[in-house]
Amino acid sequence: MSAPDASAFARRLAASGEALVALVADVDRDEAVWRPAAGRWSILEIVGHLVDEERHDFRQRLRLLLADPARVWPPIDPEGLVRSSNFNARELNDLAGEFVAEREQSVEWLASLVTPDWEHACTHPTAGVLTAAGLLHAWAAHDLLHLRQLTAVRFARLQSLAAPAALDYAGTW
């Protein structure tokens, strides 16, 4: 793997952050709290999770890894945070605004990096050996996973509203 370009990743994260916000811009309250199935996240819970991840996971952990690879990361429980945060009681615009503010800090920080050592590595309890470069790539991938998740929730909601009509005319999902 070649060394990542921090400025290019800053632009990538800015773009995917904008896409995430655009994807939920027209969501009303009913859609925001709707869950596609028991145990699945609503749009509010997904966006709240993204705020938490921006604050407590990727930026913080990449900063720690670049500064001191031997330092143990503070524990986080993304699933538990979603369960305990009651995001469905929040307003989507407020959570999206928090995400935008956190993402802007992340983008500014990434763009400010000068010759980081992307080979710094730690051993993660579930991911194994994780380099700074690998963590940066995982951050970009995390956005794509949640863009896909948000799209799937929106599609499932549309299917539920259209029932019993099928959405086959649109194409296959």
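Residues numbered from 1 in each chain as written. Predicted model: local features only at pLDDT ≥ 70, side-chain atom pairs only at ≥ 80, totals over all residues. Heavy atoms only, no water.

> It is not clear to me how the nonpolar core should be interpreted in this structure. Could you clarify?
General note: in soluble globular proteins, nonpolar side chains tend to be found buried as a group. Membership of the largest hydrophobic core comes to 22 residues, with the highest contact counts inside it found for L62, W73, L110, W118, L135, L136 and W139. When contributions to this core are tallied by element, the ones reaching two or more residues are helix 1 (6–23), helix 4 (58–67), helix 6 (92–112) and helix 7 (132–162). Top element by residues in this core is helix 7. It accounts for six residues. Core analysis: the second largest hydrophobic core is formed by 20 residues, L20, V24, I43 and V51 among them. (Core = buried A, V, L, I, M, F, W, Y, C linked by side-chain atoms within 4.5 Å. Buried < 20%, exposed > 50% of the residue type's maximum accessible area, 1.4 Å probe, protein only. Helix = DSSP H or I, 4+ residues; strand = E, 2+ residues; numbered from the N terminus.)

> How should I be thinking about helix 3 (residues 43–56) in this particular structure?
Within an α-helix, residues lying three or four positions from one another point in the same direction, as the helix has 3.6 residues per turn. Across its 14 residues, helix 3 extends 20 Å between first and last C-alpha, which sits within 8% of the 20 Å expected from 1.5 Å per residue. With 12 of its 14 residues buried, helix 3 lies for the most part within the structure. Restricting attention to buried positions, one finds in helix 3 the residues I43, L44, E45, I46, V47, G48, H49, L50, V51, D52, E53 and E54. (Expected span 1.5 Å × (residues − 1).)

> Explain the packing of aromatic side chains here, please?
Where two aromatic rings form a pair, the distance of their centres and the angle of their planes describe that pair. Counted under the stated rule, the structure contains one aromatic pair. Taken together, a centroid distance of 5.9 Å and an interplanar angle of 10° make the contact between F58 and W139 stacked. One end of the pair, F58, is in helix 4; the other, W139, is in helix 7, and 81 residues separate them in sequence. Summarising the burial analysis for this pair, F58 and W139 share the class buried. Against the face of F9 rests R12, its NZ or CZ located 5.1 Å from the ring centre. (Phe/Tyr/Trp six-rings, centres within 6.5 Å; stacked < 30°, edge-to-face > 60°. Lys NZ or Arg CZ within 6 Å of the ring centre and 35° of its normal.)

> Teacher, can you tell me more about the pattern of salt bridges here?
Pairs can form between side chains of opposite charge once their charged atoms are near each other. Summed over the entire model, instances satisfying the criterion amount to 10 salt bridges. Its salt-bridge partner being E31, residue R154 comes within 2.7 Å of it at the nearest N-O pair. Of this pair, R154 sits in helix 7 while E31 sits in helix 2 (residues 29–33), and the two are 123 residues apart along the sequence. Look at R154 and you get buried, because its relative accessible area is 19%. One network of salt bridges, in which partners are shared, links R55, R59, R90, E98 and E102. (Salt bridge = Lys/Arg side-chain N within 4 Å of Asp/Glu carboxyl O.)

> Can you walk me through the packing of helix 3 against helix 4 in this structure?
A pair of packed helices is captured by two measures, namely the crossing angle of their axes and the spacing between those axes. Between helix 3 and helix 4, whose axes approach to 3 Å, the crossing angle comes to 20°. By the angle class used here, helix 3 and helix 4 are roughly parallel. Here helix 3 contributes E53, E54, R55 and H56 to the contact with helix 4, which in turn contributes F58, R59, Q60 and R61. Here the residues of the contact of helix 3 with helix 4 sort into one nonpolar, two polar and five charged. (Axes fitted to C-alpha atoms, helices over the stretch in contact; angles between N-to-C directions. Parallel < 35°, antiparallel > 145°, perpendicular 65-115°, else oblique. Contact = heavy atoms within 4.5 Å. Nonpolar A, V, L, I, M, F, W, Y, C, P; charged D, E, K, R; others polar.)

> Would you take a moment to explain helix 1 for this structure?
An ideal rise of 1.5 Å per residue puts 26 Å on 18 residues; helix 1 measures up with 25 Å between its terminal C-alpha atoms. Restricting attention to buried positions, one finds in helix 1 the residues A6, F9, A10, L13, S16, G17 and L20. With its buried residues spanning 135° around the axis, helix 1 presents them on a single face. Set apart from the buried face of helix 1 by more than 90 degrees, the exposed residues are R11, E18 and A22. In this structure, the buried side of helix 1 is in contact with helix 3, helix 6 and helix 7. Two or three places before S7, at the start of helix 1, stands the capping residue D5, its side-chain oxygen 3.0 Å from that residue's backbone nitrogen. (Arc of directions from axis to C-beta. Polar contact = N/O pair within 3.5 Å; in protein donor to acceptor, adjacent residues only side chain to side chain.)

> Looking at this structure, I do not really get empty space enclosed by the protein. What am I missing?
Space left empty within the atom packing is revealed by a probe, the size of a water molecule, rolled over the atoms. A full pass over the atoms with the stated rule returns one cavity of 30 Å³ or more. One number sums up the size of the largest cavity: a volume of about 40 Å³. Contributing to the lining of the largest cavity are L20, V21, V24, V47, L50, A96, F99 and L150. Of all the elements in the fold, those that place two or more residues in the lining of the largest cavity are helix 1, helix 3 and helix 6. Residues that form the lining of the largest cavity fall into these classes: eight nonpolar, no polar and no charged. (1 Å grid on protein atoms, 1.4 Å probe; cavity = no way out; pocket = protein on both sides within 12 Å on 5 of 7 lines; lining within 4 Å. Points joined across faces, edges and corners; volume = space filled by probe spheres on them.)

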